[in-house]
Protein chains: 2
Amino acid sequence: MGELTAANRRWVLAGRPRGMVDEQTVRLDTGERPEPDTGQALAAVRWLSIDPTIRTWMDDRPGYMPPIGLGEVVRGAGIADVTDSRSDRYAVGDLLYGMTGWQEWVLAGPGEQSMQVLPAGIEPGAALNVLGVNGMTAWFGLLEVGAMQAGDCVVVSAAAGATGSLVGQIARLKGAGRVVGIAGGPEKCAWVTDTLGFDAAVDYRADGLAAALRRQCAQGIDLYFDNVGGAILDVCLGQLAMRGRVVLCGAISLYNATEPQPGPANLVNLIPRRGRMEGFIILDYRDRFLPAQMELAAWMADGRIVHAEHVVHGLERAPEALNMLFSGANTGKVVVEL
Amino acid sequence: MGELTAANRRWVLAGRPRGMVDEQTVRLDTGERPEPDTGQALAAVRWLSIDPTIRTWMDDRPGYMPPIGLGEVVRGAGIADVTDSRSDRYAVGDLLYGMTGWQEWVLAGPGEQSMQVLPAGIEPGAALNVLGVNGMTAWFGLLEVGAMQAGDCVVVSAAAGATGSLVGQIARLKGAGRVVGIAGGPEKCAWVTDTLGFDAAVDYRADGLAAALRRQCAQGIDLYFDNVGGAILDVCLGQLAMRGRVVLCGAISLYNATEPQPGPANLVNLIPRRGRMEGFIILDYRDRFLPAQMELAAWMADGRIVHAEHVVHGLERAPEALNMLFSGANTGKVVVEL
């Protein structure tokens, strides 16, 4: 954690990235620590949630949020603790969850500055992961967008990542017939089956992804939860079962592409298979997070959900942490601890 | 119409096509005219419905129906009239609609041989087109799969084709906000606006399809009814409105491809736009055809629906008629009159 000074170290967007984030893209600079006005609280940022979507906000391209402006602090979720308060909502010592940005200090207040006070006893790792964006994305993507049915053969890519690892576990607990993860390398595959309890894992870095998936889902894929796009999406589209559903959650294989990438040739398979493919943004489900969080919290308390955080230490390593999501260096949720 | 002899001229599948259908693919031969058994009727085929899906059945590839076997009569819908009956269901003189195949004579009977007796007074062109597969495909694709809402900006490709021309007209009659057709060449575009009453038509053969569509749908495309796949699908995906829907009906730009074609790069746009893309096969809606047919028939009687048939004369020209669908030589529904 940073020293408590009147300074505020922060990562600002210096240029639009081409490919992975590098020193042309973001710059660590020092601003002034903000002073809380009436109705605001000052909070020291403790953890950053490192999510693939941050990379998409860096491009100057329309998306579900405006792009981060050049010179602005990099946008991102995190947890901060209140050190000074002029607000009735936030008390000194409260842990707050919200859009902290990649910086040491943040103001919580009304409107866009609003942050959520974490209930006592919630572990910050779990708050960012299972009960945070990843858990909510897995839950609503699988159960609402994907309309998972008991007995479904569910396949999820980036299965050793934060969201993917939860998708498979929720699917299992909600009665999926078979849960198959796609991950990169034998260690991750072993973790997905042995620790997370998926029925099978397929290594996309090995040869023969299509054949391996066909062995695992002999009747076809009822629900494919896609975190990666590109070639893996294409293979899964080619193996959809009748009335199969493809949940488009993310496309990490594309976010650093410097040229437009072709889409999946097997898209046309949606016609004879009566398949459905649907994209979503978890923010749309915000009003319905609470019951999902309660069920997930109960499963965690019972030890029925495993979660893992890959902790990177120091604000200065935030860009490196983001790049891990695309190189596949992480297992579980990447967080930066300040 | 063929001479009534004991012979049965018929097109059989001679080989798997590469690209357009040619003399390597289909062979006109002569079999014996079948004799009706108890429970069967013999009918003389009068009209063939020429549909893009026939081309997909010729490939040796899993689809929504088994491929046509080598040496088998080419599968296809049509209208035939009963000349001899040993069935209680079919009387001499009845016009029957069903899977006649590309031949002069067909047996109607129980089970798979079942055919529908057309009510008196229905014009055969309308039966094959508005009240047949094209009308049903347009209706259920637009209203059920696409869940069209009043006020939607609806775009349809192959708008001068049988299905596309009905999609736009049904959309207009059901309260779409704006109906835009995509068609090839100025004549078809003029027909789509002036005769069919679409709000606008865009010529995909001219430069600047994306810019032209953006002008026509300034707020984005709420519903894109896709008959073609390929590059046009890609452009429309790039211009989806929030919660836009893409109905995958067919992909005529791909059916004659001899190499796998890349899918649409703009697929990833489904995520920020919360878009949905869904394929369907009209056979699944068979039990619900009647009310749709009644509404369409009423509109036709009131002159509120325009339909056009492009009639090709002679069984021997059936392969040429099929190829027209892919070269774009037709306006409206292609039928072969025997």
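Attention in this report is confined to the structure presented alongside it.

Conventions adopted
- Residues numbered from 1 in each chain as written.
- Chains lettered and ligands numbered in written order.
- Predicted model: local features only at pLDDT ≥ 70, side-chain atom pairs only at ≥ 80, totals over all residues.
- Axes fitted to C-alpha atoms, helices over the stretch in contact; angles between N-to-C directions.
- Helix = DSSP H or I, 4+ residues; strand = E, 2+ residues; numbered from the N terminus.
- Parallel < 35°, antiparallel > 145°, perpendicular 65-115°, else oblique.
- Left-handed = near helix turned anticlockwise from the far one by under 90°.
- Contact = placed C-beta atoms within 7 Å.
- Nonpolar A, V, L, I, M, F, W, Y, C, P; charged D, E, K, R; others polar.
- Buried ≥ 20, exposed ≤ 12 C-beta atoms within 10 Å, placed from the backbone.
- Pairing = 2+ DSSP bridges.
- Expected span 1.5 Å × (residues − 1).
- Least-squares fit on C-alpha atoms with pLDDT ≥ 70 in both.

### Concerning the packing of helix 3 (residues 133–145) of chain A against helix 4 (residues 162–173) of chain A
Residues and elements named next belong to chain A.
Phase 1 of the analysis: With their axes 8 Å apart at the nearest point, helix 3 and helix 4 run at an angle of 50 degrees to one another. In terms of orientation, helix 3 lies oblique with respect to helix 4. Considering only the axes of helix 3 and helix 4, their crossing is right-handed. Contact with helix 3, carried on its side by Asn134, Gly135, Thr137, Ala138, Trp139 and Leu142, involves Ala162, Thr163, Leu166, Val167, Ile170 and Ala171 of helix 4 and no other residues of that element.
Phase 2 of the analysis: In terms of residue class, the contact of helix 3 with helix 4 is built from 8 nonpolar, 4 polar and no charged.

### Focus on the pairing of strand 11 (residues 221–226) of chain A
Strand residues, when the strand is regular, have side chains that alternate between the two faces of the sheet.
Residue and element names in this part refer to chain A.
Phase 1 of the analysis: The buried fraction of strand 11 amounts to 6 of the 6 residues, a majority that puts the element mostly inside the structure.
Phase 2 of the analysis: Looking at chain direction, strand 8 (residues 153–157) and strand 11 are connected through 3 bridges and run parallel. In the sheet register, valine 156 faces strand 11, and the bridge partner there is phenylalanine 225.
Phase 3 of the analysis: As defined by bridge partners, strand 11 adjoins strand 12 (residues 240–248) across 5 bridges and the pair is classed as parallel. When the sheet's bridge partners are listed, isoleucine 221 is paired in strand 12 with leucine 240.

### Remarks on the sheet that holds strand 12 (residues 240–248) of chain B
Whether parallel or antiparallel, the strands of a sheet pair through hydrogen bonds between backbone atoms.
Phase 1 of the analysis: Strand order in the open sheet formed by 12 strands is 10(A)-9(A)-8(A)-11(A)-12(A)-13(A)-13(B)-12(B)-11(B)-8(B)-9(B)-10(B), and the pairing between neighbours is mixed. Strands with a single pairing partner mark the edges of an open sheet, and in this sheet they are strand 10 (200–203) of chain A together with strand 10 (200–203) of chain B. Across this sheet, the average inter-strand angle for adjacent strands is 15 degrees, counted without regard to direction.
Phase 2 of the analysis: Across 4 bridges, the pairing between strand 8 (residues 153–156) of chain B and strand 9 (residues 178–183) of chain B is parallel. Looking across to strand 9 of chain B, one finds that B:Val154 is bridged to B:Val179.
Phase 3 of the analysis: Seen against the sheet, helix 5 (residues 186–195) of chain A touches strand 9 (178–183) and strand 10 of chain A and runs at an angle of roughly 165 degrees to strand 10 of chain A.
Phase 4 of the analysis: Sitting on the sheet, helix 5 (residues 186–195) of chain B touches strand 9 and strand 10 of chain B, and the angle it makes with strand 10 of chain B is about 165 degrees.

### Concerning unusual backbone geometry
Residues and elements named next belong to chain A.
Phase 1 of the analysis: Phi at arginine 243 is positive, roughly 60 degrees, even though this residue is not glycine.
Phase 2 of the analysis: Within the secondary structure, arginine 243 sits in strand 12.
Phase 3 of the analysis: For arginine 243, a count of 15 C-beta atoms within 10 Å puts it in the partly exposed group.
Phase 4 of the analysis: In the Ramachandran plot, arginine 274 falls in the positive-phi region, its phi being about 55 degrees despite a non-glycine side chain.
Phase 5 of the analysis: When you line up the elements, arginine 274 lands in the loop between strand 12 and strand 13 (276–279).

### Overview of helix 3 (residues 133–145) of chain B
Residues and elements named next belong to chain B.
Phase 1 of the analysis: Over its 13 residues, helix 3 runs only 16 Å from end to end, short of the ideal 18 Å by more than 12%, given 1.5 Å per residue.
Phase 2 of the analysis: Of all 13 residues making up helix 3, 11 are buried, and the element is well covered by its neighbours.
Phase 3 of the analysis: By the burial criterion, the buried members of helix 3 are Val133, Asn134, Gly135, Met136, Thr137, Ala138, Trp139, Phe140, Gly141, Leu142 and Val145.
Phase 4 of the analysis: Alanine 147 lies just past helix 3 and shows a positive phi near 45 degrees.

### With respect to the relation of the copies chain B and chain A
Phase 1 of the analysis: In screw terms, the move from chain B to chain A is a rotation of 180 degrees and a rise of 0.0 Å along the axis, fitting with an RMSD of 0.0 Å. Look at the turn and shift together and you get a two-fold axis relating the two. In terms of C-alpha distance to the rotation axis, chain B has B:Gly263 as its closest residue, with the C-alpha 1.9 Å off the axis.
Phase 2 of the analysis: Looking at the interface residues of chain B, 100% of them are also at the interface in chain A, so both copies use one shared face.

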